[in-house]
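The primary structure of each chain is shown beneath.
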Amino acid sequence: MWQLARVGVVSLRKMGSDQRFGVFLILLAVAAITGSCDLLPGGQSGPTPGPVVRPSPAPRQDTPTPAPTSTPEATATPEAKPNLTLEQARELVFQLVRPCADQITRSREAAVEVTSSPFFRREDGYWTTQASSEDGSLSFGNWKIVDATGEVTSLDEVALAIMSADTVCENPVSLQAGGFTPPLILTSTPAPSPMPTPTATPTSVSNLTVVEVQQLIFQMVRQCADFVSLSMEDPVQVAFATVYDPATATWTTDATSEDESLNLGRWQVTDATAEVAPLDDVAISISPSDVTCGEPVAALSTGLTPPIISAPPPTPTPTPTATPSPVVSTAQQAALRVWVNVFNCYDHFPDLENFTAYPDDVGRWIVEGSSAITHYGLWQVNTLTGEISPSDLLAKEAATFCGFPAEATFPAAVTAEQAELLVWISSYDCFDTKPNTTSFTAYQDNPRRWLVEGKEGVVYYGMWMVDTSTATIDPWDDVSREAKRKECYREP
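*Asks:* Teacher, can you tell me more about the nonpolar core here?
*Replies:* When a protein is soluble and globular, its nonpolar side chains tend to lie buried together. Among the nonpolar cores identified, the biggest contains 22 residues, and V338, F355, V367, W379 and V381 are the most heavily contacted of them. Those elements giving two or more residues to this core turn out to be helix 7 (331–342), strand 14 (355–359), strand 15 (364–370), strand 16 (375–382) and helix 8 (393–402). If you tally residues by element for this core, the top one is helix 7, at 7 residues. Not counting chain neighbours up to four residues away, the residues in contact with V367 comprise A334, A335, V338, F355, T356, A357, G377, L378, W379 and V381. By size, the runner-up hydrophobic cluster in this structure holds 21 residues, among which are V213, V221, C224 and I286.

This is how it looks when you write it as structure tokens:
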């Protein structure tokens, strides 16, 4: 083979360039053909073959046997989670408890903070919690919250009462030793339901609450209750019975002592303006700011007893120097003083109306005695000492005749105040409208008798006579005679 190559090379050198190029192409084609075979036909060896690239064997087409299916492991059920958060459950309960807490805040005049710690019962699907004040003194009940719907229901009587729409909460009178005291639950008068018509007028809703109304009334009766507490040396606790009338938009309240022994009057409060007005004689007597109340002298056999009501003594005007109080300060006192002392000096016994007093110099009254038929002279009365002295000849003759002392004295053993009090005690139970001690006024028509008139505004309690020596009481007119005939009249 190599020899043929050498011969070919020599022959190529003798050829021209174009011939050599043609031969070169032929040789390339022969080399390509011979290089693709290992052996020539007949077992002869051919040229040394180059590297042979054999294709990869094709994958077997047999279907593989599937692996045996194993039983799948049980998947763990995820733990149930609540729909509500702790804060959402707490807020749902707070919305129901808050009105009750706000009402106690107003009655305490101190803020009440509400707290609760809801617990989720996973197996039952609901929350439970106990609501209380933050200081642990008040209990607002036990509650249940359905996790799926957010529905809140009560689990005890305290929660059930708070959920009711017509309840009013107040601060409890006393706290339990272990804490968690339920509030004082009151029931307000429910407003009437509107008629079920398309054009129904909404039900009237009050602007004031029961607690606010009772607070207004308490401001009116507190001063009187405090005075009675001081005179009794025992605190008077005030209680109220309150009713709201939506037709007139007014509140009516009866104020009494907690033991229902003392009557503090009936009162009315206008819902729109919070204006307070007295409705009976007791409330009218208590309403002025300058009255003084005292413990009743005697309790009524039926009904509540009003306190003794009197106006306070006037405050003396301060002066640079101390001035002694006058014994005779009014013209009526001066005329009465002269009349009592000269009554027996004349044969026909003059009337009190026959003497008239006029102010003279500072510290002295001039009293003139005169009637249609005679004169009783002029008299001087010292305002500081009450001393009586004659001022003209006629008066001097009368003083010499009867020989009365220089210092005037009253022959009566019973004073005007005692006469008024005796009539009040004896006749108190005989009148529908109970009189006060200030309803009676005593006048002395002669040294041996007091005339006591009973009158309070338009109410008349009769005219009575009281003997100044024996304190015997006799009726004067029809009203007093009728009262004395009744079984309710009590002899002093």
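*Asks:* Just checking my understanding: could you explain a negative patch on the surface for this structure?
*Replies:* On the surface, D234, E258, D259 and E260 cluster together to form a negatively charged patch. Checked against the element boundaries, E258 lands in the loop between strand 9 (250–257) and strand 10 (263–270).

*Asks:* I would appreciate a short explanation of the state of the cysteines in the present structure.
*Replies:* Two cysteines joined by a covalent bond between their sulfur atoms form a disulfide. Taken as a whole and assessed by the stated rule, the structure comprises 2 disulfides. Residue C100 pairs covalently with C169 via a disulfide, S to S 2.1 Å. Looking along the S-S bond of the C100-C169 disulfide, the torsion reads about -110°, which is the left-handed sense. Separated by 69 residues along the polypeptide, C100 in helix 3 (residues 86–108) and C169 in strand 6 (residues 167–170) bring together distant segments of the chain. For C430, the disulfide goes to C488, at an S-S distance of 2.2 Å.

*Asks:* Looking at this structure, how should I read the sheet that holds strand 9?
*Replies:* Pairing between sheet strands relies on hydrogen bonds along the backbone, with the strands arranged either parallel or antiparallel. Within the open sheet, the 4 strands sit side by side as 8-9-10-11. Their pairing is antiparallel. The sheet is open, and its two edges are formed by strand 8 (238–245) and strand 11 (276–278), each paired on a single side. Adjacent strand axes in the sheet meet at a mean angle of 25° when their direction is disregarded. Where strand 10 and strand 11 come together, 3 bridges link them in antiparallel fashion. The residue of strand 11 that forms the bridge with W267 is P278. Strand contacts of helix 5 (residues 210–232): strand 8, strand 9, strand 10 and strand 11, with the helix running at about 140° to strand 8, the strand carrying the most contacts.

*Asks:* Got a minute to help me understand the confidence of the model for the chain in this structure?
*Replies:* Atomic detail in the predicted coordinates should be set aside for any region of low pLDDT. Mean pLDDT for the chain: 76, with 72% of residues reaching 70 or above. Per-residue pLDDT stays below 50 along residues 37–56; that stretch engages in 7 contacts with residues further than four places along the chain or on separate chains. A low-confidence stretch, residues 406–411 (pLDDT under 50), is modelled with 15 contacts involving residues beyond four sequence positions or located in other chains.

*Asks:* What exactly am I supposed to notice about the packing of aromatic side chains here?
*Replies:* Aromatic ring pairs are described here by two measures, namely the spacing of the ring centres and the angle between the planes. If you walk through the whole model with that rule in mind, you get 7 aromatic pairs. With centroids separated by 5.2 Å and ring planes inclined at 75°, the aromatic side chains of W424 and Y428 adopt a geometry described as edge-to-face. Classification of W424 by relative accessible area gives buried; the value is 6%. Ring centres 4.9 Å apart and planes at 80° place the aromatic pair F431 and Y461 in the edge-to-face group. Residue F431 is located in the loop between helix 9 (416–427) and strand 18 (440–446), and its partner Y461 is located in strand 20 (residues 459–467); the two are separated by 30 residues in the primary sequence.

*Asks:* Is there a simple way to explain the pairing of strand 8 in this structure?
*Replies:* Side-chain positions along a regular strand alternate between the two faces of the sheet. Summarising the sheet, strand 8 and strand 9 pair through 8 bridges and their orientation is antiparallel. Across the sheet, F240 pairs through a bridge with A255, a residue of strand 9. In this antiparallel pair of consecutive strands, strand 8 and strand 9, the connection spans 4 residues, and A249 shows a positive phi of 55°.

*Asks:* Hey, could you run me through the pairing of strand 15 in this one?
*Replies:* Sheet analysis places strand 14 next to strand 15, joined by 5 bridges and oriented antiparallel. From the neighbouring strand, T356 faces strand 15, where its bridge partner is E368. Here strand 14 folds back onto strand 15 in antiparallel fashion, the turn holding 4 residues, of which G363 has a positive phi close to 90°. Counting the residues between successive antiparallel strands, the hairpin from strand 15 to strand 16 contains 4 residues.

*Asks:* Is there a simple way to think about the side chain of S116 in this case?
*Replies:* Considering the arrangement of structural elements, one finds S116 in strand 1 (residues 114–116). Non-local contacts of S116, meaning those with residues more than four positions away in its chain, are made with R90, T129, Q130 and A131.

*Asks:* Can you walk me through the sheet that holds strand 15 in this structure?
*Replies:* Read across the sheet, 4 strands follow the order 14-15-16-17 without closing on themselves; strand pairing throughout is antiparallel. Edge strands, defined here as strands with exactly one partner in the open sheet, are strand 14 and strand 17 (388–390). The average angle at which neighbouring strand axes cross in this sheet is 30°, direction not considered. Sheet topology places strand 15 next to strand 16; 7 bridges connect them, and they run antiparallel. Directly across from E368, in strand 16, lies its bridge partner L378. Across the face of the sheet, helix 7 comes into contact with strand 14, strand 15, strand 16 and strand 17 while running at roughly 135° to strand 14. Across the face of the sheet, helix 8 comes into contact with strand 16 and strand 17 while running at roughly 85° to strand 16.

How each quantity is defined
- Residues numbered from 1 in each chain as written.
- Predicted model: local features only at pLDDT ≥ 70, side-chain atom pairs only at ≥ 80, totals over all residues.
- Heavy atoms only, no water.
- Core = buried A, V, L, I, M, F, W, Y, C linked by side-chain atoms within 4.5 Å.
- Buried < 20%, exposed > 50% of the residue type's maximum accessible area, 1.4 Å probe, protein only.
- Helix = DSSP H or I, 4+ residues; strand = E, 2+ residues; numbered from the N terminus.
- Contact = heavy atoms within 4.5 Å.
- Patch = residues over 30% accessible without salt bridge, like charges linked within 9 Å, V, L, I, M, F, W, Y side chains within 5 Å.
- Areas by Shrake-Rupley, 256 points an atom, 1.4 Å probe, with all protein chains shown as cover.
- Salt bridge = Lys/Arg side-chain N within 4 Å of Asp/Glu carboxyl O.
- Lys, Arg positive; Asp, Glu negative; His and termini not counted.
- Charge placed at Lys NZ, Arg CZ, Asp CG, Glu CD.
- Disulfide = S-S within 2.5 Å.
- Pairing = 2+ DSSP bridges.
- Axes fitted to C-alpha atoms, helices over the stretch in contact; angles between N-to-C directions.
- pLDDT = per-residue confidence, 0-100.
- Phe/Tyr/Trp six-rings, centres within 6.5 Å; stacked < 30°, edge-to-face > 60°.

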